[in-house]
Amino acid sequence: MATQAEAPVLDVRNLTTVFRTRRGEVHAVNDVSFHVAPGELLGVVGESGSGKSVTMMSLIGLLPTPPAEVRRGSVLFQGRDLLRMPAPELRRVRGGEIGFVFQDPMTSLNPVFTVGQQIAEPLRKHRGMDKRAARARAQELLELVGIPDARRRLSDYPHQFSGGMRQRVMIAIALACEPKLLIADEPTTALDVTIQAQIIDLMKRLREELGMAVIWITHDLGVVAGIADRVMVMYGGEVAEQAPTRALFREPAHPYTRALLKTVPTVRGARERRLTVIDGQPPILTEPPSRCPFRDRCAQAWGRCHRADPPLYPVSEGHDAACFLHDPQAQGAREAAHA
Amino acid sequence: MLDAQPQAEAPKTRIERPLVEVHDLTMHFPIHSGLLRRRTGEVRAVDGISFSVMEGETLGLVGESGCGKSTAGRALLRLYDITSGSIRIEGTEIGDASQSYLRRYRPKMQMVFQDPQASLNPRMTVAAIIQEPLDEHTSLSTREKQHKVLELMDAVGLNRAFAGRYPHAFSGGQRQRIGIARALALNPKFIVCDEPIAALDVSIQAQVVNLLEDLQERFGLTYLFISHDLSMVRHIATRVAVMYLGRIVELAPREPLYAEPLHPYTRALLSAVPEADPDAVQARVMLTGDVPSPANPPKGCNFCTRCPEVMPVCHKIDPASREVRPGRHVACHLYDPAVMDGPEDTAPERPEAAQADAGRALAAAVRQETTREDAGKAAPDNDAGQPAQTEAEGR
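- The name an unreviewed UniProt entry assigns to chain B is Oligopeptide transport system ATP-binding protein, from the organism Pseudoroseicyclus aestuarii.
- For the record of chain B, the UniProt heading Sequence similarities (unreviewed entry) holds the text "Belongs to the ABC transporter superfamily."
- Taken from UniProt, the Subcellular location (unreviewed entry) comment for chain B reads in full: "Cell inner membrane".

- In its Sequence similarities (unreviewed entry) section, the UniProt entry covering chain A states "Belongs to the ABC transporter superfamily."
- UniProt's Subcellular location (unreviewed entry) comment on chain A is quoted here verbatim: "Cell inner membrane".

Shown next as structure tokens:
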């Protein structure tokens with residue numbers, strides 16, 4: 001493991017979440033461990049069903065239980081375990097010390113309250129500010145996220161804002177109590193590219209100004225390449241690979257990451273004649289995790305992948321991959337698979 | 001991703017003829033309001049667009065949400081009664097044709113929809129869904145139809161054994177294959193693909209795009225590929241039309257468009273696409289503000305409220321599309337010699353009208369005075385009042 005100068009803001013260990021359904025259990029998150037250093041931006045990449053959102057929802061207790069059940073693991077946030085925290089205390093952490101931005105800014109804002117009221121709410125709840133102070137701070141926050149004419153717009157309702165502006169409002173709410181950690185779940189997916197560029201720019205600036213740690217969940221490798229310090233790739237409810245951003249894009253170690261990087265066309269550089277395809281479908285997570293989730297789509301899978309689920313093996317400093325190709329004990333098999 | 005060496009692709013030598021010709025197509029939707037539901041305005045979803053689609057090519061139609069690209073695709077197939085304009089398919093005018101007349105042309109032109117979940121009837125089996133167009137438009141026997149359905153399933157890579165299943169039993173990518181099989185059933189020449197991969201996961205998108213390319217080659221299809229995904233359009237399209245607020249602002253062959261976008265909007269759009277390369281040096285043209293409402297487009301050029309290179313003339317006169325280089329059509333005053341070299345409005349003499357950098361400096365000078373008043377009026381719901389900026393990252 002990398003030597004961390006500072007203790008991580010968030011340290012997740014062996015997080016395991018299942019959904020109980022009538023047809024049996026769905027193993028949505030399996031033994032996921034990761035950490036986020038203070039001020040760091042961790043990009044979490046995965047397709048739908050990879051477990052990226054469920055992981056984040058589990059660690060802050062936002063999943064409906066039942067059907068969800070966080071079965072194992074610990075989530076240390078500044079040394080305190082969120083999974084074992086009494087509900088009132090957890091509520092204070094949520095929205096106070098940990099902020100969230102969700103994908104769809106239309107459904108996450110309340111249509112019957114003004115934007116000013118919605119930004120002031122966490123300030124009054126968590127900070128105990130009075131009405132006037134909260135409103136003044138709300139105006140500052142709107143200015144911070146780049147909404148012009150902030151003072152007047154405090155009295156506007158969400159429907160009076162465009163999609164990009166609503167997402168800025170969401171970010172303002174998330175930042176209201178100056179969180180140590182911001183979790184952004186596909187914050188730009190519902191937005192157009194020109195608006196996405198604005199939001200990414202805004203987040204870069206805010207990170208520098210406020211020094212908070214960010215977890216940015218996305219399916220877009222391009223977004224991650226531009227902003228993340230480290231990237232975690234999830235597949236089938238598990239961590240497939242985690243690495244510093246440059247290492248991940250320059251030397252992807254997991255066959256899934258490699259395939260994913262090849263399958264996305266670009267707008268610049270050489271144009272590929274034919275897109276590289278990852279055959280097959282993502283797994284349906286009804287069977288207990290005992291084998292590699294990527295085995296059926298992997299060009300390099302061999303017998304072992306069908307018998308056991310690979311743990312994370314170190315590839316280089318701070319770079320791990322859950323693939324038997326990187327098992328130092330299995331050099332022979334590795335050569336065989338490469339041949 | 002950059003394994004392949006850059007290659008100059010050979011220009012097509014065969015004589016091209018247009019399969020679809022669209023001239024000045026307009027699709028306005030009325031707005032009714034008040035107690036008497038009087039018509040008080042209109043949403044100008046598509047506001048006078050012209051283009052043609054050559055036989056065997058893929059024309060990409062790109063733009064951001066609300067620009068009218070899907071409406072254009074639907075209007076083109078006459079799923080709407082268009083407001084005005086002309087649509088010719090193989091020389092036959094269908095712009096004002098009656099639905100009964102159109103029925104004869106439906107087999108030639110088909111559509112693949114964005115949401116494979118919503119566009120397949122959940123109560124019909126896959127076989128029934130694919131067979132439905134055959135029931136409607138052919139007089140084949142039951143056995144012939146069944147045979148054709150299985151052939152189609154093979155063609156799109158669906159397992160024949162699943163013919164009796166219902167759509168819910170399939171994944172998103174497989175459902176899109178069902179939609180494609182249905183579109184192919186009547187041997188169409190022209191298919192409008194409306195965001196066919198937008199609802200699919202990254203690893204599935206490439207599967208569907210490759211399938212579309214294979215089918216195009218095999219059956220000689222012509223596509224209008226509507227998408228907001230600029231990188232996928234670059235992969236699949238022969239030529240690309242860029243839409244903004246109901247208009248086509250630029251239309252060009254794929255490679256020149258991506259190598260050197262001419263319209264300021266195209267430039268901003270392309271530069272905003274994040275690249276999956278942490279070391280990429282991206283000179284980003286950052287647009288401020290949002291797209292104005294198509295119910296109340298700005299006076300002059302539709303892009304004048306956000307354009308980094310806006311000039312006074314842009315607030316007054318709507319630029320016409322002109323062919324500035326062979327095959328490259330741009331609707332922008334920067335490329336209009338009459339405007340750029342003319343005595344009024346714009347200031348200094350410029351050696352090259354197409355020189356964008358000079359335009360930027362000029363625009364910067366003009367911007368301060370113009371944007372504040374005009375932009376505020378045109379679009380109450382945006383912050384276009386701020387000056388736009390060009391920024392270079394990572395240099």
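Notes on the overall build of chain A
Right, on to step 1. In terms of helices and strands, chain A carries twelve helices and twelve strands.
Right, on to step 2. Taken over 339 residues, chain A has a buried fraction of 55%.

What about the overall build of chain B?
Right, on to step 1. Scanning chain B for helices and strands turns up eleven helices and 14 strands.
Right, on to step 2. A separation threshold of at least 6 residues defines the contact pool for chain B, and within that pool the share at least 24 residues apart is 63%.
Right, on to step 3. For chain B, the accessible surface area stands at approximately 17,200 Å², while carbon and sulfur atoms represent 50% of it.

Concerning the packing of helix 3 (residues 115-127) of chain A against helix 6 (residues 163-175) of chain A
Residues and elements named next belong to chain A.
Right, on to step 1. Packing of helix 3 against helix 6 leaves a shortest axis separation of 8 Å and a crossing angle of 25°. Between helix 3 and helix 6, the interaxial angle falls into the category roughly parallel. Between helix 3 and helix 6 lies a crossing of right-handed hand. Residues Val115, Gln118, Ile119 and Pro122 of helix 3 touch helix 6, and the partners they reach there are Val169, Ala172 and Ile173.
Right, on to step 2. Tallied by class, the residues present in the contact of helix 3 with helix 6 amount to six nonpolar, one polar and no charged.

What about the pairing of strand 9 (residues 230-235) of chain A?
Residue and element names in this part refer to chain A.
Right, on to step 1. For strand 9, a buried count of six out of six residues is recorded, marking the element as mostly surrounded by other parts of the structure.
Right, on to step 2. Where strand 3 (residues 41-45) and strand 9 come together, four bridges link them in parallel fashion. Looking across to strand 9, one finds that Gly43 is bridged to Val231.
Right, on to step 3. With six bridges connecting them, strand 9 and strand 10 (residues 238-244) associate as antiparallel partners. Bridging across to strand 10, Met234 finds its partner in Val239.
Right, on to step 4. Joining the antiparallel neighbours strand 9 and strand 10 is a turn of two residues, in which Gly236 adopts a positive phi near 55°.

What to know about unusual backbone geometry
Residue and element names in this part refer to chain A.
Right, on to step 1. The omega torsion across Thr65 and Pro66 is -15°, close enough to zero to call that bond cis.
Right, on to step 2. Relative to the elements of secondary structure, Pro66 occurs in the loop between helix 1 (52-59) and strand 4 (68-77).
Right, on to step 3. Pro67 follows Pro66 through a cis peptide bond whose omega is 10°.
Right, on to step 4. Structurally, Pro67 can be placed in the loop between helix 1 and strand 4.
Right, on to step 5. A positive phi is found at Gln78, a non-glycine position, where the angle reads about 50°.
Right, on to step 6. Its place among the elements puts Gln78 in the loop between strand 4 and strand 5 (80-81).
Right, on to step 7. By relative accessible area, Gln78 is classed as partly exposed at 36%.
Right, on to step 8. Look at Glu186: it is not a glycine, yet its phi comes out positive at around 45°.
Right, on to step 9. Note on placement: Glu186 falls in the loop between strand 7 (181-185) and helix 7 (193-210).

Some points on empty space enclosed by the protein
Residues and elements named next belong to chain B.
Right, on to step 1. Scanning the entire structure with this criterion turns up six cavities of 30 Å³ or more.
Right, on to step 2. The space that makes up the largest cavity amounts to roughly 70 Å³.
Right, on to step 3. If you go around the largest cavity, you meet 13 residues; those closest to its centre are Cys301, Phe303, Cys307, Cys314 and Cys332.
Right, on to step 4. Class assignment of the residues belonging to the lining of the largest cavity gives a composition of ten nonpolar, two polar and one charged.

Focus: the pattern of salt bridges
Residue and element names in this part refer to chain A.
Right, on to step 1. Applying the stated criterion to the full structure yields 47 salt bridges over all chains.
Right, on to step 2. Where Arg291 meets Glu287, a salt bridge forms, and the shortest distance between an N and an O atom there is 3.1 Å.
Right, on to step 3. A salt bridge links Arg295 to Asp296; the nearest nitrogen and oxygen atoms lie 4.0 Å apart.

A closer look at the sheet that holds strand 1 (residues 18-33) of chain B
Residues and elements named next belong to chain B.
Right, on to step 1. Strand order in this open sheet of four strands is 2-1-4-5, and the pairing throughout is antiparallel. In the strand order of this sheet, the two ends are held by strand 2 (38-54) and strand 5 (92-93), each with one partner.
Right, on to step 2. Here strand 1 pairs with strand 2 via 13 bridges, running antiparallel. Bridge pairing in strand 2 links His28 to Arg44.
Right, on to step 3. Contacts from helix 1 (residues 69-76) reach strand 1, strand 2 and strand 4 (84-89) within the one sheet, and its direction differs from that of strand 1 by about 115°.

Here we look at the environment of Ile199 of chain A
Residue and element names in this part refer to chain A.
Right, on to step 1. Relative to the helices and strands, Ile199 resides in helix 7.
Right, on to step 2. By relative accessible area, Ile199 is classed as buried at 0%.
Right, on to step 3. The spatial distance from the C-alpha of Ile199 to the C-alpha of Gly146 is 9.7 Å, given a sequence separation of 53 residues.
Right, on to step 4. Setting aside residues no more than four positions away along its own chain, Ile199 makes contact with Gly164, Gln167, Arg168, Ile171, Thr188 and Leu191.

What to know about the interface of chain B and chain A
Right, on to step 1. Taken residue by residue, the interface counts 54 residues in chain B and 52 residues in chain A.
Right, on to step 2. The interface formed by chain B and chain A includes five salt bridges.
Right, on to step 3. Among the salt bridges present, the one from Arg250 of chain A reaches Asp277 of chain B, with a minimum N-O distance of 2.8 Å.
Right, on to step 4. For the pair chain B and chain A, the number of links is 22 residue pairs in polar contact (both at pLDDT 80 or more).
Right, on to step 5. Those elements that place two or more of their residues in the side of chain B that touches chain A are helix 6 (202-219), helix 7 (230-236), helix 8 (254-259), helix 9 (264-272) and strand 11 (283-286) of chain B.
Right, on to step 6. In terms of residues, the side of chain B that touches chain A owes the most to one element, helix 6 of chain B, which gives nine residues.

Thoughts on the nonpolar core
Right, on to step 1. Formed by 78 residues in total, the largest nonpolar core has its most connected members in Ile180, Leu215 and Leu230 of chain B.
Right, on to step 2. Looking at this core, the element that brings in the most residues is helix 6 of chain B, giving seven residues.
Right, on to step 3. Apart from the residues lying within four places of it in its own chain, the contact partners of Leu215 of chain B are Ala155, Val156, Ile180, Leu184, Gly220, Leu221 and Tyr223 of chain B.
Right, on to step 4. Grouped together as the second largest cluster of nonpolar side chains are 64 residues, Leu109, Ala172, Ile173 and Leu260 of chain A included.

Some thoughts on the state of the cysteines
Here is the idea: a disulfide is a covalent bond, and it sits between the sulfur atoms of two cysteines.
Right, on to step 1. In this structure the tally under the stated criterion is zero disulfides over all chains.
Right, on to step 2. No disulfide involves Cys292 of chain A; its sulfur sits 5.7 Å from the nearest other cysteine sulfur, which is in Cys305 of chain A.
Right, on to step 3. Free of any disulfide, Cys332 of chain B has its nearest cysteine sulfur in Cys307 of chain B, 6.1 Å distant.
Right, on to step 4. On the basis of relative accessible area, Cys332 of chain B is assigned to the buried category, the value being 10%.

Rules used throughout
Residues numbered from 1 in each chain as written. Chains lettered and ligands numbered in written order. Predicted model: local features only at pLDDT ≥ 70, side-chain atom pairs only at ≥ 80, totals over all residues. Heavy atoms only, no water. UniProt positions renumbered as here; feature names shortened; annotations may be inferred. Helix = DSSP H or I, 4+ residues; strand = E, 2+ residues; numbered from the N terminus. Buried < 20%, exposed > 50% of the residue type's maximum accessible area, 1.4 Å probe, protein only. Contact = heavy atoms within 4.5 Å. Areas by Shrake-Rupley, 256 points an atom, 1.4 Å probe, with all protein chains shown as cover. Axes fitted to C-alpha atoms, helices over the stretch in contact; angles between N-to-C directions. Parallel < 35°, antiparallel > 145°, perpendicular 65-115°, else oblique. Left-handed = near helix turned anticlockwise from the far one by under 90°. Nonpolar A, V, L, I, M, F, W, Y, C, P; charged D, E, K, R; others polar. Pairing = 2+ DSSP bridges. 1 Å grid on protein atoms, 1.4 Å probe; cavity = no way out; pocket = protein on both sides within 12 Å on 5 of 7 lines; lining within 4 Å. Points joined across faces, edges and corners; volume = space filled by probe spheres on them. Salt bridge = Lys/Arg side-chain N within 4 Å of Asp/Glu carboxyl O. Polar contact = N/O pair within 3.5 Å; in protein donor to acceptor, adjacent residues only side chain to side chain. Core = buried A, V, L, I, M, F, W, Y, C linked by side-chain atoms within 4.5 Å. Disulfide = S-S within 2.5 Å.

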